[in-house]
Amino acid sequence: HKFKNLLLNCKSLKGTMTISRAVGSSMIRNVIKGRQRSILNAYKISPTYSSLASFSIAPSKVATTKSCKRWYNFASSSYTSCFQNLPKPDTESIRQSALIYLDEFDETLWYNEPVCSILNGEKLTSPSDTPSIITQNALSNPNGHQHMATKSQVQSLLSHIQTYQSPYTDIRSQIRTMEQSLLYEHAGLLVGNQCLDFQKQDGVTEMEESIMANAVERSLNDILLQDENRGKIRINRKPMYVSCVSNFTNFLDLFRKTIRSLELGVPCIVLGRSHTVQHSYRWTELLVDLLQKEDIDAGMVTYLSCTLDDIKFITQSSRDSTGMLYSTCSRELAASIKAGYPNTIASTGGPNTLYTTEWTPAVQDAVRMSASIESSGQCTALRHCVVPSSVTSTDVEDLFSSVESIDKAEDALRDYKFDCIFENHAGSVTPAGQDDTYTKHGTKDVHYKVNTHMPENHIHEYWRKVVVDVTTDATTSDLTPEEKDDKLKDLAKWLNTNQPISLAVNAPRSQVFDIAKSLFEKSALVVYTVGSTDREKEAPPALTCQARPQEAEVFGEFPPRKDLRVFTKYPVIVPSSTPSCKCHVCECVCVRWARYYFFLGRYIFSKVIYISSGFKS
């Protein structure tokens, strides 16, 4: 702070300063005019996005700019420019193609063509006398067979991973041809398989997001490769791992991790799952076929259908030969993965929270939809709600009485629904028998708890089950400003400790921005959504589950900051260039960067000595 004030108050320096906060870091950029212009010597310092993983420096003339510029960095002008001219998906066509696929789907297919490892384009099936594993969908219903790799197959997979070197640095043309085929020709298959396996009710919206956000991330990749061609950075092209998520694998795993890495020559190893394995295997199978049609070496994509112990053995035995491992999962699983593989980049969930000062019918709808989206199977599903003190357990019971139930996700897809629940399914646990402080709804598979204080820290997620903690501690008009601020401080403390992905804030339009601003300044979340309780037509109440990263509502899943390294090597921002997390700064650029700061530091130090001596005299 003393250094900042010195620069701001020194008239002889005539300096300008910009302070920018992004991705949890603070960067102070200073451009000083006058005699030191020759020292700056026309360099622009450009730390890239990618969670502070790499830097890019470009020569420039100080006279042409009054501040340092960043290129594909988060929130830079170049980053923003990538959100222009996005394609407009035909969502109805996607829905109809998915329904046709589901109508024609042969339920014996996944039994007759089991999941298995894929190496160099070949499927590694098990001997005929080896029993197959029965796979299960998200509701624990059987849906196919899986062959686990034998010991000899595990060794073959390990050898390939340790020795394979990518023959490519730029295959954007071929990969993007494949990408268009996946996004349009095969969209029905991708949505349909996800509907069958994960029981996803609205895979259409995910595909819409994929079509639009892929355009953004393609542009970011273009700029990244351009910097490599200019000698500024070097992309690490060691094989990378993709640990697939169940609920959003089409966008997150297939496109933004696998496709975006392949097009810049990074080989990909897709890891099998212990459940809901079918749909991610099927897109890998399709991807390998498309690679061969484009005459790309099939060794660029490998699929591991292995036991958990064999996957740990392969990943830990290949640390020197492989790059990052990308995963979207719970915090518990992320911590376990990173403990065994330090180069893990994980997106993790959190107890998403909705705050409201009024309990209007529209707010109740927002709470219900946020809590039950995909039967609480979305990473932004509501887990915690802060409401006025007038709300009772009876109000919460009534709220969830209108939740719809379905037997299979296909029904919701046909009826344009996304927030139905699967009653009493065996795919995940409920608080029943584990935590008797929750109340079971009288007629619905919903559990809730009403308290006057914040929930305990690190509450259980209860994936695919609607479980909500309700805190009756929202600010009200009869409180003094000091009392209101104390309540917001309590909430902010809880938010910082538990780190939800999303916070939705609702209040009368005349008050909501002050409340949201206060919570924004006191917390460090990624997604904040602001709605109103009194102008529902033009500004309806906010949901926790409505971020659209393709429209610059930039998304991220961060663990608590102080424990970040326990779960992930870098935080994840969407959209971003996935391969940028694997970049290194070229040595010549590091030297230029160091030389710049060395001479700048010498100049500022000389000014400090000069000013200090002036004070003494």
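Okay, so let's go over this structure. Bear in mind the structure is a predicted one, so any value in this text is a computation, not a measurement. Counting from 1, residues in each chain are numbered in the order their sequence is written. Selection of residues for local features in this predicted model requires a pLDDT of at least 70, selection of side-chain atom pairs for listing and counting requires 80 or more, and totals for whole chains, interfaces and linings are taken over all residues. The basis for every side-chain value is the complete set of heavy atoms in the structure, and neither hydrogens nor water enter the calculation.

Moving on, we get to the overall build of the chain. When you go through the chain residue by residue, the secondary structure sums to 20 helices and 24 strands. Three labels apply to residues, based on accessible area from a 1.4 Å probe with only protein chains included: buried if under 20% of the type maximum, exposed if over 50%, partly exposed otherwise in between. Residue burial in the chain is summarised as follows: out of 617 residues, 58% are buried. We call two residues in contact whenever any of their non-hydrogen atoms come within 4.5 Å of each other. For the chain, the proportion of contacts with a sequence separation of at least 24, taken over those separated by at least 6, is 75%. Runs of H or I in DSSP of at least four residues are treated as helices and runs of E of at least two as strands, each being numbered from the N terminus.

Bringing the pattern of salt bridges into the picture now. The salt bridge criterion pairs a side-chain nitrogen of Lys or Arg with a carboxyl oxygen of Asp or Glu, the two atoms within 4 Å. As enumerated under the stated definition, the model contains 28 salt bridges in all. Close ionic contact of K487 with D473 constitutes a salt bridge, the shortest N to O distance being 2.5 Å. One end of the pair, K487, is in helix α17 (residues 481-498); the other, D473, is in the loop between β19 (466-471) and α17, with 14 residues separating them in the sequence. K487 sits in the partly exposed class, given a relative accessible area of 22%. A salt bridge links K489 to D485, with the shortest nitrogen-to-oxygen separation between them at 3.4 Å. In this pair, K489 and D485 are both assigned in helix α17, 4 residues apart and thus about one turn of the helix distant.

Turning our attention to the nonpolar core. In terms of nonpolar packing, the biggest core is built from 71 residues, with I175, L182, L254, L287 and I296 touching the most fellow members. Ranked by residue count, the leading element in this core is helix α11 (residues 278-293), at 7 residues. Apart from residues lying up to four places away in sequence, L287 is in contact with M178, L182, L254, T258, I259, L262 and V301. For the purposes of this section, nonpolar cores are sets of buried Ala, Val, Leu, Ile, Met, Phe, Trp, Tyr and Cys residues that join through side-chain atoms within 4.5 Å.

Another point: the packing of aromatic side chains. For any pair of aromatic rings, geometry is given as the distance between the ring centres together with the angle between the planes. In this scheme Phe, Tyr and Trp rings, the latter by its six-membered ring, pair at centre separations within 6.5 Å, and the angle between planes marks the pair as stacked below 30 degrees, edge-to-face above 60, and tilted otherwise. Under the counting rule described, the total for this entry stands at 9 aromatic pairs. Between Y101 and F105, the ring centres sit 5.8 Å apart and the planes meet at 45°, which makes this aromatic pair tilted. Judged on exposure class, the residue Y101 and its partner F105 are both buried. Taking the centre distance of 5.1 Å and the plane angle of 70° together, the rings of F105 and W110 count as edge-to-face. Accessibility assignment for this pair places F105 and W110 in one class, buried. Any Lys NZ or Arg CZ found within 6 Å of a ring centre and within 35 degrees of that ring's normal is scored as a charge over the ring. In this arrangement the basic side chain of K449 is found over the ring face of Y438, its NZ or CZ atom lying 4.3 Å from the centre. The ring of F198 has R464 lying over it, and the distance from NZ or CZ to the ring centre is 4.1 Å.

With that out of the way, let us pick up the packing of helix α4 (residues 91-104) against helix α9 (residues 203-229). Here the axes come from fitting lines to C-alpha atoms, over the contacting stretch only for helices, and the angles between their N-to-C directions go from 0 to 180 degrees. The geometry of α4 relative to α9 is characterised by a closest axis approach of 10 Å and an angle of 130° between their N-to-C directions. Judged by the angle between their axes, α4 and α9 are oblique. The crossing of α4 and α9 is right-handed. Here T91, I94 and R95 of α4 lie close against α9, whose contacting residues are V204, M207, E208 and I211. Residues were grouped as follows: Ala, Val, Leu, Ile, Met, Phe, Trp, Tyr, Cys and Pro as nonpolar; Asp, Glu, Lys and Arg as charged; and all remaining residues, including Gly, as polar. Across the contact of α4 with α9, the residue classes break down as 4 nonpolar, 1 polar and 2 charged. Just so you know how the angles are binned, under 35 degrees is roughly parallel, over 145 roughly antiparallel, 65 to 115 roughly perpendicular, and the rest oblique. It is the rotation of the near helix from the far one that decides the hand of a crossing: anticlockwise by less than a right angle makes it left-handed, clockwise makes it right-handed.

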